[in-house]
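Residue-level listing of the chains:
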Amino acid sequence: MIIALNSLRIVWQKGLFILVCSGLMAYATAFVNNWHIPLLPALHSFVLIGVVLTNITFFIERRERFAFLNEILVEIKSHELSRINRHLITIAREDALSGLANRRAFDDTLIIEWDRARREEQPLSLLFMDVDHFKLYNDTYGHGAGDDCLRQVASAIKKAVLRPADLAARYGGEEFVVLLPATDALGAEEVAERILRTVDSLAIPHKRSLVSYHVTVSIGICTMLPSDKNSIAIFVENADAALYKAKTSGRHCLKHYIEPPMLNNFYFKH
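These numbers were taken from a predicted model, which means no experiment stands behind them. (Residues numbered from 1 in each chain as written. Predicted model: local features only at pLDDT ≥ 70, side-chain atom pairs only at ≥ 80, totals over all residues. Heavy atoms only, no water.)

### Quick word on helix H8 (residues 232-248)
1) Next: In a regular helix each residue adds 1.5 Å, so 17 residues correspond to 24 Å; H8 covers 24 Å between its end C-alpha atoms and thus fits that length.
2) Next: For H8, the set of buried residues is Phe235, Val236, Asn238, Ala239, Ala242, Leu243 and Ala246. All buried residues of H8 fall inside an arc of 160 degrees around its axis, so they share one side. For H8, exposure combined with an orientation more than 90 degrees from the buried face picks out Glu237 and Tyr244.
3) Next: Where the residues of H8 are buried, they touch helix H4 (103-120), strand E1 (124-131), strand E2 (167-172), strand E3 (175-181), strand E4 (217-224) and strand E5 (254-256).
4) Next: Once H8 ends, the next one or two residues include Gly250, with phi positive near 115 degrees. (Helix = DSSP H or I, 4+ residues; strand = E, 2+ residues; numbered from the N terminus. Expected span 1.5 Å × (residues − 1). Buried < 20%, exposed > 50% of the residue type's maximum accessible area, 1.4 Å probe, protein only. Arc of directions from axis to C-beta. Contact = heavy atoms within 4.5 Å.)

Written as structure tokens, this is what we have:
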């Protein structure tokens, strides 16, 4: 009886059935062996034992149920905490306005990709881009329209970056960057040209632009083979210098900091 009652989940019908069967087995045993046991005291003792065992089983069952519910609550809390942590990580690494990676995420990824490119002796390319005459756009259409413009440009950049390993990020203000692992200068130029075309296809009106009737971008390209002779800071500075060259060359174009090998190695691309 003890083993049976304590090994089952409480089901009153089963518990009662076990008690009745146990009583019948006890009576049969006494009858077969011709034991002279007073019926009333024996029945009283049996009922008392049944009540005690039933109460013990009830409390064991309740403890197990509480333990089971507690496990479920812990699992739910753990899952919810994990979901919140993932959300916080996403917020911490995503630019709220553009939906691209933010400056912090870009800096962290750049360090990782730089070290990987140095180990594997692979080229690393960086596109530095700026929305042309964005201040004039804001002054003309308002900051709300300016935010919407940045969102559309960011979406176009993300659409033009095809590989999962490539990272598009908002660097700050109207500046964006695209990090291209294992990409040489010609490959980086293809991506830059695709971004130019995609942004142009948006045809966002910009009546005060000095280069076009719509919103455009200028892009600077730097490609390096990471080594002990150069650094991340120089890499970013060179990409920024290429962007400056593009802006001073009329905007709405791309410029290399260093021309691809088949051309002049120290000549900005025209």
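From this point on, the discussion continues.
### Remarks on the packing of aromatic side chains
1) Next: Enumeration according to the criterion identifies five aromatic pairs in this entry.
2) Next: Aromatic pair Phe106 and Tyr171: ring centres 5.8 Å apart, planes at 80 degrees, arrangement edge-to-face. Taken together, the positions of Phe106 in helix H4 and Tyr171 in strand E2 put the pair 65 residues apart, joining distant regions of the chain. Of the two residues, Phe106 and Tyr171, both sit in the buried class.
3) Next: On the basis of an interplanar angle of 40 degrees and a centroid distance of 4.6 Å, the ring pair of Tyr137 and Tyr141 is categorised as tilted. Residue Tyr137 and its partner Tyr141 are located together in helix H5 (residues 134-141), separated by four residues, close to a single helical turn.
4) Next: Assessed through its relative accessible area of 6%, Tyr137 is described here as buried.
5) Next: Given the relative accessible area of 32%, Tyr141 is considered partly exposed.
6) Next: The residue whose ring lies beneath Arg103 is Tyr171, and the NZ or CZ to ring-centre distance is 3.9 Å. (Phe/Tyr/Trp six-rings, centres within 6.5 Å; stacked < 30°, edge-to-face > 60°. Lys NZ or Arg CZ within 6 Å of the ring centre and 35° of its normal.)

### What to know about the sheet that holds E1
1) Next: Within the open sheet, the five strands sit side by side as E2-E3-E1-E4-E5. Their pairing is mixed. The open sheet has two edge strands with one neighbour each: E2 and E5. Each strand axis lies, on average, 20 degrees off the axis of its neighbour in the sheet, ignoring direction.
2) Next: The sheet contact formed by E1 and E4 spans eight bridges and is antiparallel. Residue Met129 lies in a different strand from E4, and its bridge partner there is Ile219.
3) Next: Running at roughly 130 degrees to E2, H4 makes contact with E1, E2, E3 and E4 of the sheet. (Pairing = 2+ DSSP bridges. Axes fitted to C-alpha atoms, helices over the stretch in contact; angles between N-to-C directions.)

### A closer look at unusual backbone geometry
1) Next: Of note in this structure, His133 is not a glycine but carries a positive phi near 50 degrees.
2) Next: Mapping His133 onto the fold places it in the loop between E1 and H5.
3) Next: Notably, Arg251 is not glycine yet its phi reads approximately 65 degrees, a positive angle.
4) Next: Look at Arg251 and you get partly exposed, because its relative accessible area is 24%.

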